[in-house]
Protein chains: 2
Amino acid sequence: MSTLDKTPVKRDEILFEYLVRLADDRLILGQRLSEWSGHGPELEEDLALANIALDMIGHASGLYTYAAEIEGEGRDEDDLAYFRDDIDFKNFQMLEQPKGDLAYTIARQFLFSLYSYLLYMELKDADDEQFAGLASKHLKEIRYHLRHSREWVLRLGDGTEESHRRIQDAFDDIWMYTGELFEMDEVDKKAAEEGFGADLAKLRKPWKEHVDEVLDEATLTVPDDNQYMASGGRTGFHTEHLGHMLAQMQFLRRSYPDAEWT
Amino acid sequence: MSTLDKTPVKRDEILFEYLVRLADDRLILGQRLSEWSGHGPELEEDLALANIALDMIGHASGLYTYAAEIEGEGRDEDDLAYFRDDIDFKNFQMLEQPKGDLAYTIARQFLFSLYSYLLYMELKDADDEQFAGLASKHLKEIRYHLRHSREWVLRLGDGTEESHRRIQDAFDDIWMYTGELFEMDEVDKKAAEEGFGADLAKLRKPWKEHVDEVLDEATLTVPDDNQYMASGGRTGFHTEHLGHMLAQMQFLRRSYPDAEWT
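Attention in this report is confined to the structure presented alongside it.

What counts as what
- Residues numbered from 1 in each chain as written.
- Chains lettered and ligands numbered in written order.
- Predicted model: local features only at pLDDT ≥ 70, side-chain atom pairs only at ≥ 80, totals over all residues.
- Heavy atoms only, no water.
- 1 Å grid on protein atoms, 1.4 Å probe; cavity = no way out; pocket = protein on both sides within 12 Å on 5 of 7 lines; lining within 4 Å.
- Points joined across faces, edges and corners; volume = space filled by probe spheres on them.
- Helix = DSSP H or I, 4+ residues; strand = E, 2+ residues; numbered from the N terminus.
- Contact = heavy atoms within 4.5 Å.
- Buried area = accessible area lost by both parts, 1.4 Å probe.
- Salt bridge = Lys/Arg side-chain N within 4 Å of Asp/Glu carboxyl O.
- Polar contact = N/O pair within 3.5 Å; in protein donor to acceptor, adjacent residues only side chain to side chain.
- Nonpolar A, V, L, I, M, F, W, Y, C, P; charged D, E, K, R; others polar.
- Core = buried A, V, L, I, M, F, W, Y, C linked by side-chain atoms within 4.5 Å.
- Buried < 20%, exposed > 50% of the residue type's maximum accessible area, 1.4 Å probe, protein only.
- Least-squares fit on C-alpha atoms with pLDDT ≥ 70 in both.

Let us look at empty space enclosed by the protein. Applying the stated criterion across every chain, the model contains six cavities of 30 Å³ or more. Considering only enclosed or pocket space, the largest cavity measures out at about 160 Å³ in volume. As for the largest cavity, its lining consists of 15 residues, of which Ser37(A), Ala50(A), Ser34(B), Ala50(B) and Leu54(B) are closest to the centre. If you list the elements that add at least two residues to the lining of the largest cavity, you get α2 (43–71) of chain A together with α2 (43–71) of chain B.

Listed below in structure tokens is the structure:
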């Protein structure tokens, strides 16, 4: 059962789909971040990453809860998180990639937090009170994630020879997943028309300018946009990594659907 | 290199040891709790356990930082967390036990949070301003952990037949590790004399009364105190589980002491 077997038409269907996409992004990234638990480079950064993971999963939870309410078919946030298959997950492929080294985690966090920041600056004025409320509540935390990850980009880029090489490699590796962030499909267009979705294409310019600025300050080279760009997360097309992650995350819950044990 | 090769004599040595003990308890339990990440029974409880884990590790971090400052030998919080061996860890054996099922995690959290609450009610008036400040800052969060875990004890005890059986088994299994919490050794006695340590033996009565009360309300049987009680965590004597956990937690940091990579 897919969350979206065909393009939604009614306002509530579009809003449901839009919320689930945002929630999927955050659940999946939160999951990846939580893999750092106990493996961070230092206690303070361990805590910071765990904190960001918690925020991400918390945001996902809020979005799923509202999506389930909009759907009104008796599913709840847990059904959306634990009982959908990878083809039903609509997260960007960038977010399902393995955590890699700290540089990779930081590069991804910076790129996605900046994107989220720009997006939520729009969504906080969404023409749906409850959605706008969630967005503006989450924005405060996103601002912190952005600041934190930007500081690390600067610290690693302008650090040792190895840290510079690592973070440059990270940006080079992840760049092919950035194109997807700004694609506008039917759902995005309809959401924008309904007044609760942002024009993603318009976010690209300020996003790119800020990335250029920070990478420049970090003595890093911005990767070339003229390269193969992955796409398809929003239609349920994923890399093999998502399936593995979901298997682990959903296994216990699906094996014992009524039990609170594991 | 042990944190304590002989009984400390000077005030600062005693305070250092006292702080490290408390920090070890919280780091180890926080680590165990963070193993739930992505495996909780539901999104909300996943978040709650992750939140408590984060608090625990945050408290440990604050205590280690202050301990390192007191020690004044150039070690920092990370050295204390990542570069001591299991024999140097002074946490209670209760806290290093594997996370088990949710019932076990909840039973442990309830027993330890109640203990921490009673202990920190004393420590917040410690005759050391910085320590007292930490204790009273952490107390607010401990109160939440206690409330949360108590609610779950009631929910599971007074729930289904299976949940009742599971939580009763959990209390029965963990009980042998509760004796250690109230033992007063030389360090505890000296800390109390110096005005910054609590009389642990005196905490036993209010702790037991509240446990009795909650377990009774949860329709559970309080395990018998006249059974073998484990002991030795405070002298670096541990079950095999601690070594495995530390190996995993410390491996990367020790392999690449100067790198922030993994």
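Next comes the rest of the account.
Here we take up the interface of chain A and chain B. Contact with chain A, which involves 42 residues of that partner, is made by 42 residues of chain B. The junction of chain A with chain B conceals about 3,400 Å² of combined surface from both sides, 60% of it contributed by carbon and sulfur atoms. Put simply, chain A and chain B have zero salt bridges between them. Seen at the junction of chain A and chain B, the total is two residue pairs in polar contact (both at pLDDT 80 or more). Elements supplying a minimum of two residues to the side of chain A that touches chain B: α1 (11–34), α2, α3 (77–82), α5 (102–123), α6 (129–157), α7 (161–174) and α10 (240–255) of chain A. In terms of residue count, the dominant contributor to the side of chain A that touches chain B is α2(A) (11 residues). Split by residue class, the side of chain A that touches chain B holds 18 nonpolar, 13 polar and 11 charged.

This paragraph deals with the nonpolar core. The biggest cluster of nonpolar side chains holds 171 residues, and the ones touching the most others in it are Phe131(A) and Phe131(B). If sequence neighbours within four positions are ignored, Phe131(B) has contacts with Leu15(B), Tyr18(B), Leu19(B), Leu22(B), Leu63(B), Tyr66(B), Leu123(B), Ala126(B) and Phe196(B).

Under the fitted operation, chain A is carried onto chain B by 0.0 Å of movement along the axis and a turn of 180°, and the coordinates agree to an RMSD of 0.0 Å. Read as a symmetry element, the transformation amounts to a two-fold axis. A share of 100% of interface residues in chain A that are also interface residues in chain B marks the association as one of identical surfaces.

Residues and elements named next belong to chain A. Counted under the stated rule, the structure contains 40 salt bridges over all chains. A salt bridge links Lys124 to Asp125, with the nearest nitrogen and oxygen atoms 3.4 Å apart. Here Lys124 falls in the partly exposed class, since its relative accessible area comes to 28%. Lys208 is paired through a salt bridge with Asp212; the nearest N and O atoms lie 3.2 Å apart. One end of the pair is Lys208 and the other is Asp212, both in helix α9 (residues 200–217) and four residues apart, which spans about a single turn. What you see here is one network of salt bridges that share partners, running through Glu17, Arg21, Lys90, Asp185 and Asp188.

Right, let's get into the environment of Gly58(A). Residues and elements named next belong to chain A. Within the secondary structure, Gly58 is located in helix α2. On the basis of relative accessible area, Gly58 is assigned to the partly exposed category, the value being 25%. Sequence separation between Gly58 and Ala48 is 10 residues, and the spatial gap between their C-alpha atoms is 15 Å.

Turning our attention to the side chain of Asp46(A). Tracing the backbone shows Asp46(A) in helix α2. Look past the residues within four positions of Asp46(A) in its chain and what remains in contact with it is Trp36(A), Ser37(A), Gly38(A), His39(A), Gly40(A) and Tyr82(B).

All names here are of chain B. Tracing the sequence through the fold places Asp86 in the loop between α3 (77–82) and α4 (93–96). A relative accessible area of 36% places Asp86 in the partly exposed class. Separated by 89 residues in the primary sequence, Asp86 and Trp175 have C-alpha atoms spaced 23 Å apart. Among all residues touching Asp86, those that are not within four sequence positions of it are Gly236, His238, Leu242, Gly243 and Leu246.

The quantities given are spatial measurements derived from coordinates; they are silent on function.
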